[in-house]
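Letter by letter, the chains look like this.
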Amino acid sequence: LKYINDDFLATAPTYVRDALLEAAIQSGNLGEAITAQRHIKQASPQLKILLVKRVYQTLSDKDFKSADRLCSQLASLYPDDVSAWDTRAYALREEGKLFEALETYQQMQAKFPENNSAPKAIAGLLMKLGMPQAADELIAKKHMAISAQEKFELEREIAIRELRWA
């Protein structure tokens, strides 16, 4: 596997590329698996699983720089996969990059309008960013179901904000 490179993969038959990708995934060698994946038209679900596991491992280790890099690779390899976008936004949120997470969730919502998790995540981020009124409007517009606790927190934040500016 250490001899995998772009020149070799560009000319290798499909079955060889597939076998090398599978071997890289089985060995856990993420770098070689990503290199091999770039040359295969069909996205590997095993590589996606490996990437997502590594993202969550780096997040639990508080290694946000690695998580961000892995999420970028995940999104570039799987641009039409909603979970790749969701994982990237989650990692940004965990890192404390709330505006970037908000932007990623908004892009996710535009790209996957049928997905229900993006609007709720956007509403949650709007709350964290001190914009409860915008969160309330989004919840009403999307007819989102929220828990009694979430509703209470939202109403409390709106009331606090109104009192603060009264």
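Residues numbered from 1 in each chain as written. Predicted model: local features only at pLDDT ≥ 70, side-chain atom pairs only at ≥ 80, totals over all residues. Heavy atoms only, no water.

### Here's the deal with the nonpolar core
Counting 20 residues, the largest nonpolar core has Tyr105, Met108, Ile122, Ala123, Leu126 and Leu138 as the members making the most contacts within it. Among the elements of the structure, helix H6 (82-95), helix H7 (98-111), helix H8 (117-128), helix H9 (132-142) and helix H10 (148-164) are those that each provide at least two residues to this core. If you tally residues by element for this core, the top one is H8, at six residues. In this view, Leu126 contacts Leu102, Met131, Pro132, Ala134, Ala135 and Leu138; residues no more than four positions away in its chain are not counted. Core analysis: the second largest hydrophobic core is formed by 12 residues, Leu47, Leu51, Val55 and Leu70 among them. (Core = buried A, V, L, I, M, F, W, Y, C linked by side-chain atoms within 4.5 Å. Buried < 20%, exposed > 50% of the residue type's maximum accessible area, 1.4 Å probe, protein only. Helix = DSSP H or I, 4+ residues; strand = E, 2+ residues; numbered from the N terminus. Contact = heavy atoms within 4.5 Å.)

### Considerations on the confidence of the model for the protein chain
Across the protein chain, the average pLDDT comes to 81, with 81% of residues at 70 or higher. Across the protein chain, H7 holds the top mean pLDDT of 93, while helix H3 (residues 30-37) sits lowest at 64. (pLDDT = per-residue confidence, 0-100.)

### With respect to unusual backbone geometry
Note: most residues except glycine have negative phi, and most peptide bonds are trans. A positive phi is found at Lys62, a non-glycine position, where the angle reads about 60°. On the secondary structure map, Lys62 appears in the loop between helix H4 (45-60) and helix H5 (64-77). Its relative accessible area of 59% is what places Lys62 among the exposed residues.

### Description of H7
Here H7 spans 20 Å end to end across 14 residues, near enough to the 20 Å set by a 1.5 Å rise per residue. For H7, the full list of buried residues reads Ala101, Leu102, Thr104, Tyr105, Met108 and Gln109. The arc enclosing the buried residues of H7, seen along the axis, measures out at 165°, which places them on a common side. Those residues of H7 that are exposed and angled more than 90 degrees off the buried face are Phe99 and Ala110. In the core, the buried residues of H7 are packed alongside H6, H8 and H9. (Expected span 1.5 Å × (residues − 1). Arc of directions from axis to C-beta.)

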